[in-house]
Amino acid sequence: MNSYSLKYLADYIDAKVDGDVAYIVNGLASLTSANNKHLALYMGRRYEKQLALSKAACILLNAEDAKKYCGNKLIVDNPYLSFAQLTQLFVDKAPGIASVHASAVVASSVKIGSDVNIGANAVIEQDCQIHANSSIGAGAYLGRGVIIGSNTMVHPNVTIYHQVNIGNNCILHSGCVIGADGFGFAPSVDGWQKIHQLGRVHIGNDVEIGANTTVDRGALDDTIIEDHVKIDNLVQIAHNVRVGKGTAIAAKVGIAGSVSIGENCTIAGLVGIVGHLSITDNVHITAMTLVSKSITKAGSY
């Protein structure tokens, strides 16, 4: 169990302490579930009743709200961002043991960097590269020529098809499939003729992809997920899509082929985007929207 003084936490997030700087907390919790060893986050007026009844050891809030609470406080400009930073101190991380499990199948041409962990029953095909401090979970599959950057976590039962390139500091959650064929078929008198997908998938740095999400390979050009993109569970990203830097996509979004999404966009749950459209930077698309034409101006839709 990790324990920290309020002074340590304040220094970590550049906060002002109002209270006992030596007080020790050993976890984060909600206002309602926190006890006298927890730090809790206050997010504004809608939580005032919970704040009044909270048994937390310390509350993280902004200067405007600080007067609402008389106990230990950490005061910051952006409590939500500071809370996110504090979670790094309390996350339950598995021990970083570099090893290749005896049951893993690793081709002789695979290049493995320092401090890499490969779990039980993982399969790593020819010419793959796994860079330093990365982890490949149990039952994961890496096809021929896959490149995994440094400090990247591939969770159990992830499937990565051939020639996919994944950057540094990425997280791929269980069940996601990267690089499957895009949905391409030409009609003929004999039925559907498959259009073989000849492109790849390129995923940048600091990208997180949720459980059971699929990112299809390009038909000719690559499907591209740029740096700092965050993708929730159960999202479908079709062939030749480009997702710009810093964009966040919530669960059950479906993005059809050859869509280009700009930087710093947010796409809420159950949105559908028709193929071959362009969405500019700094666009927010609200839940359950169908996007049927390109969006050329920043804003909320």
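Above: the structure in question.
This text gives an overview of the structure that appears in the document. (Residues numbered from 1 in each chain as written. Predicted model: local features only at pLDDT ≥ 70, side-chain atom pairs only at ≥ 80, totals over all residues. Heavy atoms only, no water.)

This brings us to the sheet that holds strand β2 (residues 16–18). An order of β2-β7-β6-β5-β4 is seen for the five strands of this open sheet, with the pairing classed as mixed. The sheet is open, and its two edges are formed by β2 and β4 (27–29), each paired on a single side. If you compare each strand with its neighbour and ignore which way they point, the axes differ by 30° on average. Examined bridge by bridge, strand β5 (residues 38–41) and strand β6 (residues 58–61) share three bridges and lie parallel to one another. Within β6, the position partnered with L39 by the bridge is C58. Strands in contact with helix α1 (residues 6–13) are β2, β5, β6 and β7 (73–75); relative to β7, the strand with the most contacts, it is inclined by about 15°. (Pairing = 2+ DSSP bridges. Helix = DSSP H or I, 4+ residues; strand = E, 2+ residues; numbered from the N terminus. Axes fitted to C-alpha atoms, helices over the stretch in contact; angles between N-to-C directions. Contact = heavy atoms within 4.5 Å.)

What follows is about helix α3 (residues 79–90). With twelve residues, α3 should reach 16 Å at 1.5 Å per residue; the first-to-last C-alpha distance of 17 Å fits that figure. All of the buried residues along α3 are P79, S82, F83, L86, L89 and F90. Seen from one end, α3 has its buried residues packed into an arc of 100°, which puts them on one side. Structurally, α3 contributes buried residues whose contacts are with β1 (4–5), α1, β3 (24–25), β4, β5 and β6. (Expected span 1.5 Å × (residues − 1). Buried < 20%, exposed > 50% of the residue type's maximum accessible area, 1.4 Å probe, protein only. Arc of directions from axis to C-beta.)

Another aspect to go through is unusual backbone geometry. Although it is not a glycine, D14 adopts a positive phi angle of roughly 55°. Assignment of secondary structure puts D14 in the loop between α1 and β2. With relative accessibility at 71%, the residue D14 sits in the exposed group. Phi is positive for H228, which is not a glycine, with a value near 65°. Its place among the elements puts H228 in the loop between β27 (223–225) and β28 (230–231). Residue class for H228 comes out partly exposed when judged on its relative accessible area of 36%.

This paragraph deals with the pairing of β5. Every other side chain in a regular strand lies on the same face of the sheet, so the side chains alternate between the two faces. The side-chain alternation of β5 yields two buried faces, one formed by H38 and A40 and the other by L39 and L41. With three bridges connecting them, β4 and β5 associate as parallel partners. The partner of A29 across the bridge, within β5, is A40. With helix α2 (residues 48–53) bridging β5 and its parallel neighbour β6, the resulting β-α-β unit is right-handed. (Right-handed = clockwise from strand over helix to strand, strands pointing away.)

When α1 is considered as a whole, its buried residues turn out to be L6, L9, A10 and I13. Each buried residue of α1 lies within a common arc of 100° when the element is viewed along its axis, so the set occupies one face.

Where α1 meets α3, the axes come as close as 10 Å, and the angle between the chain directions of the two elements is 120°. The angle between the axes of α1 and α3 places the two elements in the oblique class. As for how α1 packs across α3, the hand of that crossing is right-handed. Residues Y8, L9, Y12 and I13 of α1 form the contact with α3, whose own contacting residues are S82, Q85, L86, Q88, L89 and F90. Looking at the contact of α1 with α3 residue by residue, the classes come out as seven nonpolar, three polar and no charged. (Parallel < 35°, antiparallel > 145°, perpendicular 65-115°, else oblique. Left-handed = near helix turned anticlockwise from the far one by under 90°. Nonpolar A, V, L, I, M, F, W, Y, C, P; charged D, E, K, R; others polar.)

Turning to the sheet that holds strand β36 (residues 278–279), a few remarks are in order. Strands belonging to one sheet form pairs held by backbone hydrogen bonds; the direction of such a pair is parallel or antiparallel. Taken together, the nine strands give an open sheet; going across it, the order is β10-β13-β16-β19-β24-β27-β30-β33-β36, and neighbouring strands pair in parallel fashion. With partners counted over all chains shown, the strands left at the sheet margins are β10 (111–112) and β36, one partner each. Where β27 and strand β30 (residues 242–243) come together, two bridges link them in parallel fashion. When the sheet's bridge partners are listed, I224 is paired in β30 with R242.

A cluster of nonpolar residues, F183, F185 and W192, forms a patch on the protein surface that exposes about 440 Å² of accessible area. As for its position among the elements, F183 is in the loop between β21 (177–180) and β22 (185–188). (Patch = residues over 30% accessible without salt bridge, like charges linked within 9 Å, V, L, I, M, F, W, Y side chains within 5 Å. Areas by Shrake-Rupley, 256 points an atom, 1.4 Å probe, with all protein chains shown as cover. Salt bridge = Lys/Arg side-chain N within 4 Å of Asp/Glu carboxyl O.)

This model, assessed by the stated rule, comprises four aromatic pairs. An aromatic cluster of at least three residues, connected via ring pairs, comprises Y4, Y8, Y12 and F90. (Phe/Tyr/Trp six-rings, centres within 6.5 Å; stacked < 30°, edge-to-face > 60°.)

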